[in-house]
Amino acid sequence: MLARIGLQVSSRCTGLSLVFPKKKSSLLQILTAAHSCVFKKFRTMDSKKEPEESQDTISAGADSTTTAVPMEETKPSSSTEGSQTSSTEPGLLPGETVVREGKAAILFPSANEVFYNPVQEFNRDLTCAVITEFAREQLAQRGVRILIPGEKDRVVVRLSEEKNGTVDQETSEQPGNEKKKKEEGDKKEFITASVGERCEQGLRVLEGLAASGLRSVRFALEVPGLKSITANDYSAKAAALIARNAQHNNVSHILQASQRDASMVMYEARGRKERYDVIDLDPYGSPSPFLDAAVQAVSEGGLLCITCTDMAVMAGNSGETCYSKYGSVSIKSKYCHEMALRIILHSLDQRAAVYQRYIEPLLSVSVDFYIRVFVRVKTGQVVVKNAASKQALLYNCVGCGAFHLQRMGKKTSQGKHMKYSAATGPPVGPSCEHCGQRHQLGGPIWAEPIHDIAFVQKVLSAVSGNPTRFRTSKRIEGVLSMVTEELKDIPLYYVLDNLSSTVHCNTPSTLQFRSALLHAGYRVSLSHACKNAVKTNAPAEVLWDIIRCWEKSNPVKRERLSETSPAHRILSKEPILQACFEIREDANPQSRKRHLTRFQENPYANWGPKARAKAGGGICSELEDKRKQFQGKRKKPITDSSQLKSFPCKKFRRGTCSYGDKCCYSHELEQESNEEKMD
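Just so you know, the residues in each chain are numbered from 1, in the order the chain's sequence is written. Side-chain atom pairs in this predicted model are given and counted only at pLDDT of 80 or more, local residue features only at pLDDT of at least 70, and totals for whole chains, interfaces and linings cover all residues. As a rule here, side-chain values come from all non-hydrogen atoms in the structure, and water together with hydrogens is ignored.

Enquirer: Just checking my understanding: could you explain the overall build of the chain for this structure?
Expert: A helix here means a DSSP run of H or I that spans at least four residues, while a strand means a run of E at least two residues long, and both kinds are numbered starting from the N terminus. The secondary structure content of the chain amounts to 24 helices and 22 strands. For every residue, the accessible area obtained with a 1.4 Å probe (protein chains only) is divided by the maximum for its type, and the residue is called buried under 20%, exposed over 50%, and partly exposed between those limits. Expressed as a percentage of its 679 residues, the buried residues of the chain come to 48%. Note on contacts: a residue pair qualifies if any of its non-hydrogen atoms lie within 4.5 Å across the two residues. The long-range share in the chain, meaning contacts at least 24 apart out of those at least 6 apart in sequence, stands at 67%. Computed by Shrake-Rupley with a 1.4 Å probe, the accessible areas treat only the displayed protein chains as cover when residues are assessed. For the chain, the exposed area adds up to about 35,100 Å²; of that, 51% sits on carbon and sulfur atoms.

Enquirer: Honestly, the pattern of salt bridges in this entry has me stumped. Any pointers?
Expert: Pairing is possible between side chains of opposite charge, provided their charged atoms come close. Definition used for salt bridges: Asp or Glu carboxyl oxygen within 4 Å of a side-chain nitrogen of Lys or Arg. Summed over all chains, the structure comprises 28 salt bridges. Where R124 meets E101, a salt bridge forms, and the shortest distance between an N and an O atom there is 2.5 Å. One end of the pair, R124, is in helix α4 (residues 121-140); the other, E101, is in strand β2 (residues 96-101), and 23 residues separate them in sequence. On the basis of relative accessibility, which here comes to 7%, the residue R124 falls in the buried class.

Enquirer: Which parts of the structure should I look at to understand the packing of aromatic side chains?
Expert: We describe a pair of aromatic rings using the distance from one ring centre to the other and the angle between the two ring planes. Each pair of aromatic rings taken from Phe, Tyr and Trp, with Trp reduced to its six-membered ring, is defined by centres within 6.5 Å and is described as stacked if the planes are under 30 degrees apart, edge-to-face if over 60, and tilted in the remaining cases. Counted according to the given criterion, the structure contains 4 aromatic pairs. A centroid spacing of 5.3 Å and a plane angle of 75° characterise the contact between F369 and Y370, whose relative ring orientation is edge-to-face. Residues F403 and Y494 carry aromatic rings whose centres are separated by 4.6 Å and whose planes lie at 25° to one another, so their mutual orientation is stacked. Taken together, the residues F403 in strand β16 (residues 403-407) and Y494 in strand β20 (residues 494-495) connect sequence positions 91 residues apart. The same class applies to F403 as to Y494, namely buried. What links up through ring pairs into an aromatic cluster is the set Y335, F403 and Y494. Placement of a charge over a ring requires the Lys NZ or Arg CZ to be within 6 Å of the ring centre, with the centre-to-atom vector within 35 degrees of the ring normal. Above the face of the Y276 ring, R204 is positioned so that its terminal group lies 4.5 Å from the ring centre.

Enquirer: Can you help me understand helix α6 (residues 214-222) in this one?
Expert: Given 3.6 residues per helical turn, the α-helix brings residues three or four places apart onto the same face. Burial of α6 is extensive: 9 of the 9 residues sit out of reach of the surface. Three or more residues of α6 are buried, namely L214, R215, S216, V217, R218, F219, A220, L221 and E222.

Enquirer: I tried to follow the pairing of strand β22 (residues 530-536) on my own but got confused; where do I start?
Expert: On a regular strand, each side chain points to the face opposite its neighbour's, so the side chains alternate between the two faces of the sheet. The buried fraction of β22 is high, at 5 of 7 residues. Pairs of strands are assigned from DSSP output, requiring at least two bridges between the strands. Two strands pair when backbone bridges link them, and β20 and β22 are joined in this way by 2 bridges, in the antiparallel orientation. Along β22, the bridge assignment pairs Y494 with V534. One ladder, built from 3 bridges, connects strand β21 (residues 524-527) with β22; its direction is antiparallel.

Enquirer: Explain the sheet that holds strand β15 (residues 391-397) here, please?
Expert: Pairing between the strands of a sheet comes from backbone hydrogen bonds, and it takes one of two forms, parallel or antiparallel. The strand order across the open sheet formed by 3 strands is β16-β15-β19, and the pairing between neighbours is antiparallel. Each end of this open sheet is capped by a strand with a single partner; those strands are β16 and β19 (439-446). Each neighbouring strand pair of the sheet contributes to a mean axis angle of 25°, computed without reference to strand direction. Direction of pairing for β15 relative to β19: antiparallel, over a ladder of 6 bridges. Within the sheet, the bridge partner assigned to Q391 lies in β19 and is W446. Those strands touched by helix α12 (residues 336-353) are β15 and β19, and its axis lies near 55° from that of β19. Only C-alpha atoms enter the line fits that serve as axes; for helices the fit covers just the stretch in contact. Angles between N-to-C directions range over 0 to 180 degrees.

Enquirer: Please clarify how the sheet that holds β20 should be interpreted in this entry.
Expert: Ordered in space as β20-β22-β21, the 3 strands form an open sheet in which the pairing is antiparallel. At either end of the open sheet lies a strand with only one pairing partner, and these are β20 and β21. Packed onto the sheet, helix α18 (residues 510-519) meets β21 and β22 and runs at close to 145° relative to β21.

Enquirer: Any chance you could explain the nonpolar core here in plain terms?
Expert: One recurring pattern in soluble globular proteins: nonpolar side chains tend to sit buried together. Counting 82 residues, the largest nonpolar core has M266, I279, L304, I344, L348, F513 and L517 as its most contacted members. No fewer than three residues from each of domain 1 (120-149 + 189-411 + 430-465) and domain 2 (494-594) sit in this core. When near neighbours in sequence (up to four residues on either side) are disregarded, L304 contacts I279, A294, V295, V298, L348, V373, F374, V375 and V377. Counting residues in hydrophobic clusters, the runner-up holds 54 residues, among them F219, L363, F374 and V456. By convention a nonpolar core is built from buried Ala, Val, Leu, Ile, Met, Phe, Trp, Tyr and Cys residues, the set being connected through side-chain atoms within 4.5 Å. Start and end points for every domain follow an automatic or database-based domain assignment.

Enquirer: Can you help me understand the packing of α4 against helix α16 (residues 473-485) in this one?
Expert: Between two packed helices, both the angle of their axes relative to each other and the distance between the axes serve to describe the pair. It is at 10 Å that the axes of α4 and α16 come closest, and there the two elements cross at 70°. With respect to their mutual orientation, α4 and α16 come out roughly perpendicular. Residues F122, D125 and L126 of α4 pack against R475, I476, V479 and L480 of α16. Three residue categories are used. Nonpolar comprises Ala, Val, Leu, Ile, Met, Phe, Trp, Tyr, Cys and Pro, charged comprises Asp, Glu, Lys and Arg, and polar comprises the others, including Gly. A breakdown of the residues in the contact of α4 with α16 according to their chemical character gives 5 nonpolar, no polar and 2 charged. Roughly parallel means an angle under 35 degrees; roughly antiparallel means over 145; roughly perpendicular covers 65 to 115; every other angle is labelled oblique.

Here it is in structure tokens:
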């Protein structure tokens, strides 16, 4: 009955909107808003009668991809990415859709006016999980217990005051602890914080580049213990959309929209009382313009969440650009993804040290086409003196890929005091001792651990204990499991495929190579950043000895090797270490034994970074043409040289092509584009 009344009101309001002329836009907005409020009120009354059905509907899509569906009925998605079908729900503007992710339902324009990428749902899920555990730790010190739907209750027990102050601890709710809980409950009461509720003693969160506000809305609906959320964006359309989405999800009491420059918002919050407990920066491209303001605006012990999507710069394609943005030279190498993590950590620590602050990395991951770091920022003049000893220069051999780290500073303990001095080096000679090739110099990079294993374990246990909370729970569990298995004190890694391809021999299995290192007495682990990574404390000469031993049972045709090639020089030496390739039980990590989702397959075609949002919406036609032209160029190699004429000549673009008309690549495309620009 209530649903019928809502539909009648809907049809009447729609009829009125057709009668009024276009100049009555303000009156139409009032009618539309009233129409939406009436419909939401009736829908809420209906949902109270059948709460179990709505719970099942939400949990049913726990493992599905992000979809954009109408509010009134759910239709199957026709595309792999998730459909964005037009909805007839009241309050929507023409062309808008409803995008569902987590517990949020976001109004989203169909045009490319506000940026949104559904592939980064893993990023948003992981951020919600990390902030939840961070809030649990921070609020436990204030006597606040957070409640999460679907999770076993955790009780914050405030122990009696000791000489050095108060001590807080968390205990799981078990039958044996009931008496203790009652006794402690009588002595001290604690506050409970639930999702969607404002907590006066909670955390203040800032999302500097919010776009549609999806991430902030999810924080409000899924992370308990928050006092306020500021969702900021410089775009007027994005800020208006954030305000509408906050009202649409009934979180306006927690979430406030802001239309300002993100750096200015953070610079004005540098005072100790105005600082934010959590700052999340997920820009389109590089976050470097916002890092200086971010390290000042975060509170003492606060959390910084930074995303970098400019991986071409950080992975070594443009080392000079990387230095200008992050103060570090990137190198094109097999370990480039972990090096990118250490470059952003170096940049954060360097900028924080200017203000007598330092960082403590909690979690750093490289996934898909971006990297994501979660760091805690603290203040301490004494600890800041260790900043130089935490950074290192990198020497990378261009022939065999062997690398060496050189710390920027040196510290020695002298009783109660610490002496700081310049480091000595370099750790390598003019040429590589293994293959005779030259070295590249990169860095400086962060040389300390990039994870806090204790904190990661807490996030992992919370996600695995409540798998229906996130759609990407399986992947989060797999990635975090690999993170906990990594050797935290060993920077960077080798890639097994690259080691064997250097000497042109067959590749041993991962278990065989790991077993050989374990038999030799060294530690070894995998890396979440690369599937065939070998992270070990064994020096490079040990790795090449193992490869030499493997080559003896899988010989290569040495007569085909050039005398100056790295393969010839490496294989010409006899191995000092006699490797044993017998499989060991501890060579297979638990994440591999349990068949966890560690490296997912590509979800769909063109799933990578999306086009930048622009005012008029839509995607640039030139970008679409380039995608079609270069799509699948590796899978379908060009066999006919005449087909090369459809591709522009790179040397001609730089003005260095000396072939002229005889060049197999096209010069006309460049000339036409230049003429169009002049017109």
